[in-house]
Amino acid sequence: MELLESFLVPKATGKAFVVKAGQILRITQPDGPQVIDFDAFSLGDPREYLLTSATRRYGPSHVTVGDLLWSGGLRERPMFTIIADSVKHQSSDSGAITHDVVSGRCSQSSRNLRYATDTPGCQEILAEAIAEFGLGLEYVHDPFNIFMRTGINAQGKNFWEDPFDVKPGDYIDLRAEFDIIAAGSACPGLSSGPGSRPFGVEIYAP
Ligand SMILES: [Zn+2]
């Protein structure tokens, strides 16, 4: 693969960027576990966007190689195919699995409720990132939570735990099925384990 573009997204910030049809988007973990709240839109009409409920309808609630990320809204179709995942997935007694399409996203108000801190969450970080493409706060949607380890407990409640199976150097590769605006937020929440880190973005020609 030919590397076209590469950049780091600092901790607790976000970035939006274009991935063209057929290109491969690699999301990396340069310094260790960092959950990325990942949104995506059709470049042609952003009212078509990554729909996690459609992704779960046709696939698992935790995705890996061979799984599809689906769009919805104006149109429903495969948006990305996961073609590589370096995480050595490890099971635990809790049943939690890494790479979540269940948990949604944090926000300033959820952080206020949970941690009594009036600071931006992924909702606001993603909104700031996609503003570069003229998209407002209302375009932020439930994300693919890359490297987030979650499960559903015996009481039916969604929970998360430290993504202990994610190591420095890990990556996941998404092949774009059409032209896409992608956006990632380095989640400032506590689901990445101790500390907050940057993540890397690499875009390759096929
Ligand atoms: Zn978050």
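Preceding this paragraph is the structure being described.
Predicted model only: the values in this text are computed from it and were never measured.

## Comments concerning the overall build of the protein chain
Regarding its fold elements, the protein chain presents 3 helices and 13 strands. The globule rule puts the C-alpha radius of gyration for 206 residues at 17 Å, and the 16 Å found for the protein chain is close to it. Taking all contacts inside the protein chain whose residues are at least 6 apart in sequence as the whole, residues at least 24 apart take part in 74%.

## Here's the deal with the environment of Thr 81
As for its position among the elements, Thr 81 is in strand β7 (residues 78-85). The exposure class of Thr 81 is partly exposed, given the 16 C-beta atoms found within 10 Å. Put simply, Thr 81 and Glu 177 are 96 residues apart on the chain and 7.3 Å apart in space, counted from C-alpha to C-alpha. Dropping the residues within four chain positions of it, Thr 81 is found in contact with Leu 68, Arg 175 and Glu 177.

## Focus on the nonpolar core
Leu 25, Ile 36, Ala 40, Leu 126, Ile 146, Ile 180 and Ala 182 are the most contacted members of the largest nonpolar core, which totals 48 residues. The element contributing the most residues to this core is helix α3 (residues 122-130), with 6 residues. Residues within four places of Ala 182 in sequence aside, it is in contact with Ala 16, Phe 17, Val 19, Leu 25, Phe 38 and Ala 40.

## Brief notes about unusual backbone geometry
Even without glycine at this site, His 99 takes up a positive phi of about 85 degrees. His 99 sits in the buried class, given 24 other C-beta atoms within 10 Å. Phi at Ala 116 is positive, roughly 50 degrees, even though this residue is not glycine. Relative to the helices and strands, Ala 116 resides in the loop between α2 (108-115) and α3. Of the residues examined, Ala 116 has 7 C-beta atoms within 10 Å and is grouped as exposed.

## Some thoughts on the environment of Gly 200
Turning to its location among the elements, Gly 200 is positioned in strand β13 (residues 199-205). Each C-alpha atom, one on Gly 200 and one on Val 102, is 23 Å from the other, the two residues being 98 residues apart in sequence. Those residues in contact with Gly 200 that sit more than four places away from it in its chain are Leu 8, Thr 28 and Pro 30.

## Some points on α3
A large share of α3 lies buried, amounting to 8 of its 9 residues. Considered for burial, the residues of α3 that qualify are Cys 122, Gln 123, Glu 124, Ile 125, Leu 126, Ala 127, Ala 129 and Ile 130. Where α3 is buried, its residues contact β2 (14-19), β4 (36-42), α2 and β12 (180-186).

## Thoughts on the pairing of β4
For β4, the buried fraction is high: 7 of the 7 residues fall into the buried class. Burial along β4 is two-sided: the face carrying Ile 36, Phe 38, Ala 40 and Ser 42 and the face carrying Asp 37, Asp 39 and Phe 41 are both buried. Inspection of the sheet shows β4 paired to strand β9 (residues 144-152) by 3 bridges, in the antiparallel sense. Note that in β9 the partner of Phe 38 across the bridge is Phe 144. Relative to β12, β4 runs antiparallel, the two being bridged by 7 bridges.

## Section: the environment of Ser 110
Tracing the chain through its elements places Ser 110 in helix α2. A count of 15 C-beta atoms within 10 Å places Ser 110 in the partly exposed class. Residues Ser 110 and Gly 121, spaced 11 residues apart in sequence, show a C-alpha to C-alpha distance of 7.9 Å.

About the thresholds
- Residues numbered from 1 in each chain as written.
- Predicted model: local features only at pLDDT ≥ 70, side-chain atom pairs only at ≥ 80, totals over all residues.
- Helix = DSSP H or I, 4+ residues; strand = E, 2+ residues; numbered from the N terminus.
- Rg over C-alpha atoms; globule rule 2.2 N^0.38 Å.
- Contact = placed C-beta atoms within 7 Å.
- Buried ≥ 20, exposed ≤ 12 C-beta atoms within 10 Å, placed from the backbone.
- Core = buried A, V, L, I, M, F, W, Y, C linked by C-beta atoms within 7 Å.
- Pairing = 2+ DSSP bridges.

Purely geometric stuff here, so don't read any function into it on its own.
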